[in-house]
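What follows is each chain in one-letter form.
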Amino acid sequence: MPRVYYENFDLSISRTGDKAYKANVQDALGGEASVDFTLDGAPDEVITAVTRKFTLDSVPQANADSTTGTAGSSQEVGKYLYESLFHDKMLATLQVTLDRARRRNANLRLRLNLTNVPELVSLPWERLRSETDNLALSIQTSIVRYQNATFPGDEFVVKDKPLQMLVVISNPATPDAPALKVEDEWQKLNDALKPLIDQKLIVLERLPRATLKDLDDRLFDPDRPVNIFHYIGHGRFDAETGTGQLVFEVEPGDGAASNGGTAGGFALVSGERLGQSLRNQSALRLATLNSCESSMVSTADSYAGVAQQLLHTGNVPVVVAMRKAISDDLAIAFAQTFFQWLLVNNLSVDVAITRARMRMRDVEQKKLGTGTPTEWATPTLFMRHHDGYLVDFQGVSGPIIPHTLPDEADPAMAKHYQTVLNALTRAKLVPFMGLDINLFGRAPMDDWQPNTTTLPSYRELVNYLVTLSQHPNAYVPALADVSQFAFLQYLNDEDKGEGTFYNDLGNIFTRGSA
C-alpha cells in the first residue's frame, strides 16, 4: 500500500460560559473559522461524560449503549457532536479543506485541542459523524487529540533494526475488576508480528514481572533501547485525586510506595510516575496503553490522564490509549490489528488505528447481533508528530521537507513545499526545472555557442538567438519573442525557410550535448 499523507485541521475549543464553548480553526487549507456552541439539549451520554456521573470500574455489557433510535445511541451522539462543531462557516471551511487535501493527494487529520476544556475530554469525539460517515472509521479523516506543549522536532522514524518492543503485562487480582485474557493477547501479538520476528526486524520482549522496579531497571539499560512500550492491564481514574492510574504488580515485601500506593497486592502507578520512567528512553517513539480509562482526565486538569502525562512528562511522540472501559476480546482485536498494520504493513499510526477500529466494530457487531457497536470509538490517538510513520522496513523514506526546511521558513511556504515534495514522492507531479538547470556546476557564459560541450541556460539561449537573428531591440527580449522573430527571419529568407529553422534549433541542443 502506498504511503498515506495527511494535512492538519487544527481545531481548538475554549469555554465561553456555563456549558458554552467556542471552536476555532486556524491555518487550515480552507482558511480560518470559528463557531459558538452549547451543550443544551445534548444526549444523555454527553451530559453524563461532562458531569462525570459514571461508574469508574464498570465493564461494558453486551448491549450497553447499543440501542438504536434513542438519545444515547452511538450515531446520535456522533451526529450531535459533529453538528455542534461543524455548521455555517466552520462546516464550509472543513469541506473546502477536505477538497483541497484531496487535490493534493492527501487525507485530513482533525487535531482536537481540548487543553482548556478538560471536562470535554471524556466525550466520544472519535464518534464524530456526518450525514454519511463516521470520520474515525475512514482513512480519509483521522481524529487526533493534542495539547498545548512545546516539543523539539522529532526524528520519528526508527532507523536502527531490529525494532525493540517492550510489553508489560500486569494482571494481579484487583477488586471490582475481572481477570484479563493477557496470555491470549500476548499470543495474538506474537502471531501478528511473526513476519517481522522471523526476519529479525523486530524483537518482542516481555517484562518478566510487571513491577515498577523491574520496568525502571529495564528502561535504565543504555545498551538496550526501547522503541515501543505496550502495556496490557487494568487502568482507572481516581476521582478523588483527579489522576489516571495503571495497575502494576507489587514487589514482594513492599509496603506503601511513593508511586501512588499499594493495596491488596497491586500498585497504582500514576501517569506522571510512569512518564518519568519512560522519559529515560530517548529511543521511545510510541506508547500503547491497552487498559480502560487511560486517557481520562479530571474536570480541572487536562494533563491528568495517563496518556496525557506520557505525552507531556514522558516526552513520548505518539500515545494510543483507551477513553473508557473496554471489553477484553475487543482490546485483543485492537492490539493485534493495530500493530499488524502499523509494523507489518508499514503504514502510519493514523491508518493503523483506523483499521483497528474497523476490526473492533466487526467483532462487536458479531457479538451484538442487532444494535449499534460503540466500543470501536474507545481507542484515542494522541500525537504530536506530523507524519506518523514509525519504521521503514521496505526502504521507502518519508517526506524530506520537514527535516530540511530552515527554522525561519514561512509556515505558509513550508506547507506549500511540503505538498510539492509529497506529490513528487508519489509520482503525482512532474517538475519542469527550466533551462537554467543547465547552469548547475558552472558559471554563465557571455557568448555561448553551439560548439561548446554544455547545453545553454535560458539567458544564454536568448543571447545566442538575438545574435543569430540580428534582433533589432536594445533590451534582451523573452525567449518566446526572440524565437518568433528568428522564425520569421528564416521564413522570409529564400535560402533558409521553415525547415532550416527547426534543423538549426535542433542542432543547438544535439551539438551542445555531444
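Residues numbered from 1 in each chain as written. Predicted model: local features only at pLDDT ≥ 70, side-chain atom pairs only at ≥ 80, totals over all residues. Heavy atoms only, no water.

Moving on, we come to the overall build of the protein. Scanning the protein for helices and strands turns up 15 helices and 15 strands. For the protein, the proportion of contacts with a sequence separation of at least 24, taken over those separated by at least 6, is 70%. Carbon and sulfur atoms form 50% of the exposed surface of the protein, whose accessible area is close to 23,700 Å². (Helix = DSSP H or I, 4+ residues; strand = E, 2+ residues; numbered from the N terminus. Contact = heavy atoms within 4.5 Å. Areas by Shrake-Rupley, 256 points an atom, 1.4 Å probe, with all protein chains shown as cover.)

With 81 residues, the main nonpolar core has Phe338 and Leu343 as its most contacted residues. Looking at which element gives the most residues to this core, the answer is helix α9 (residues 328–344), with eight residues. Excluding its chain neighbours within four sequence positions, the residues that come into contact with Phe338 are Leu286, Thr288, Val320, Val349, Ala352, Ile353 and Ala356. Listed in part, the 30 residues of the second largest apolar core include Leu207, Leu212, Ala267 and Leu278. (Core = buried A, V, L, I, M, F, W, Y, C linked by side-chain atoms within 4.5 Å. Buried < 20%, exposed > 50% of the residue type's maximum accessible area, 1.4 Å probe, protein only.)

For the pair helix α13 (residues 458–469) and helix α14 (residues 479–491), interaxial distance at closest approach is 9 Å and the crossing angle is 30°. In terms of orientation, α13 and α14 fall into the roughly parallel class. Of the two elements, α13 crosses α14, and the hand of that crossing is left-handed. Touching Tyr458, Leu461, Val462, Leu465, Val466, Leu468 and Ser469 of α13 are Leu479, Val482, Ser483, Phe485, Ala486, Gln489 and Tyr490, all from α14. (Axes fitted to C-alpha atoms, helices over the stretch in contact; angles between N-to-C directions. Parallel < 35°, antiparallel > 145°, perpendicular 65-115°, else oblique. Left-handed = near helix turned anticlockwise from the far one by under 90°.)

As for its placement among the helices and strands, His230 is situated in strand β8 (residues 228–232). His230 gets classed as buried once you look at its relative accessible area, which sits at 1%.

So, on to the packing of aromatic side chains. Enumeration over the complete set of coordinates arrives at seven aromatic pairs. Look at Phe9 and Phe86: their rings are 6.4 Å apart centre to centre, the planes differ by 50°, and that puts the pair in the tilted class. With a gap of 77 residues between them, Phe9 in strand β1 (residues 6–17) and Phe86 in the loop between α2 (74–85) and α3 (88–103) connect regions that are remote in the sequence. The exposure class assigned to Phe9 is buried, which follows from its relative accessible area of 0%. With a centroid separation of 5.6 Å and 20° between ring planes, the pair formed by Tyr231 and Phe248 is classed as stacked. With Tyr231 in strand β8 and Phe248 in strand β10 (residues 243–249), this residue pair connects regions lying 17 residues apart in the sequence. (Phe/Tyr/Trp six-rings, centres within 6.5 Å; stacked < 30°, edge-to-face > 60°.)

Even without being glycine, Asp27 reaches a positive phi, approximately 60°. Along the chain, Asp27 turns up in strand β2 (residues 20–28). Assessed through its relative accessible area of 58%, Asp27 is described here as exposed. Of note, the phi angle at Asn105 is positive, near 60°, even though the residue is not glycine. The topology assignment puts Asn105 in the loop between α3 and β4 (107–113).

Turning next to the confidence of the model for the protein. When pLDDT is averaged across the protein, the result is 78; 75% of the residues are at 70 or more. Within the model, the stretch residues 293–304 combines pLDDT values under 50 with 67 contacts to residues more than four positions away or in other chains. Between residues 396–405, whose pLDDT stays under 50, and residues either more than four places distant or in other chains, the model counts 19 contacts. (pLDDT = per-residue confidence, 0-100.)

This brings us to the pattern of salt bridges. By the definition in use, this model includes 18 salt bridges. Asp99 is paired through a salt bridge with Arg103; the nearest N and O atoms lie 3.2 Å apart. With a gap of four residues between them, Asp99 and Arg103 both fall in helix α3, about one helical turn apart. Judged by relative accessible area, Arg103 falls into the exposed class, the value being 68%. (Salt bridge = Lys/Arg side-chain N within 4 Å of Asp/Glu carboxyl O.)

Take helix α4 (residues 182–192) next. Val182, Glu185, Trp186, Leu189, Asn190 and Ala192 are the residues of α4 that are buried. Angular distribution of buried residues about the axis of α4 spans 165°; they occupy a single face of the element. In this structure, the buried residues of α4 make contact with β6 (163–169), α5 (194–198), β7 (202–206), β8, β13 (286–290) and α9. (Arc of directions from axis to C-beta.)

Our next topic: the environment of Lys79. Position of Lys79 among the secondary structure elements: in helix α2. The sequence separation of Lys79 and Asp133 amounts to 54 residues, and the corresponding C-alpha distance is 9.7 Å. When sequence neighbours within four positions are dropped, the list of residues in contact with Lys79 reads Arg129, Ser130 and Glu131.

A word on helix α10 (residues 349–368). End to end, α10 covers 28 Å across 20 residues, agreeing with the expected 28 Å (1.5 Å per residue, within 8%). Summarising the contacts, the buried residues of α10 are in contact with β1, β4, β5 (141–146), β14 (318–322), α9 and β15 (379–383). The first or second residue beyond α10 is Gly369, which carries a positive phi of 80°. (Expected span 1.5 Å × (residues − 1).)

So, about the environment of Ala106. Inspection of the secondary structure assignment puts Ala106 in the loop between α3 and β4. Ala106 gets classed as buried once you look at its relative accessible area, which sits at 8%. For the pair Ala106 and Glu7, spaced 99 residues apart in sequence, the C-alpha separation works out to 6.4 Å.

Looking now at the side chain of Glu251. Among the secondary structure elements, Glu251 is positioned in the loop between β10 and β11 (262–263). Given the relative accessible area of 16%, Glu251 is considered buried. Here Arg209 takes part through its side chain, which lies 3.0 Å from a polar atom of the side chain of Glu251. Reaching out from Glu251, the side chain makes a polar contact with the side chain of Thr211 at a distance of 3.3 Å. (Polar contact = N/O pair within 3.5 Å; in protein donor to acceptor, adjacent residues only side chain to side chain.)

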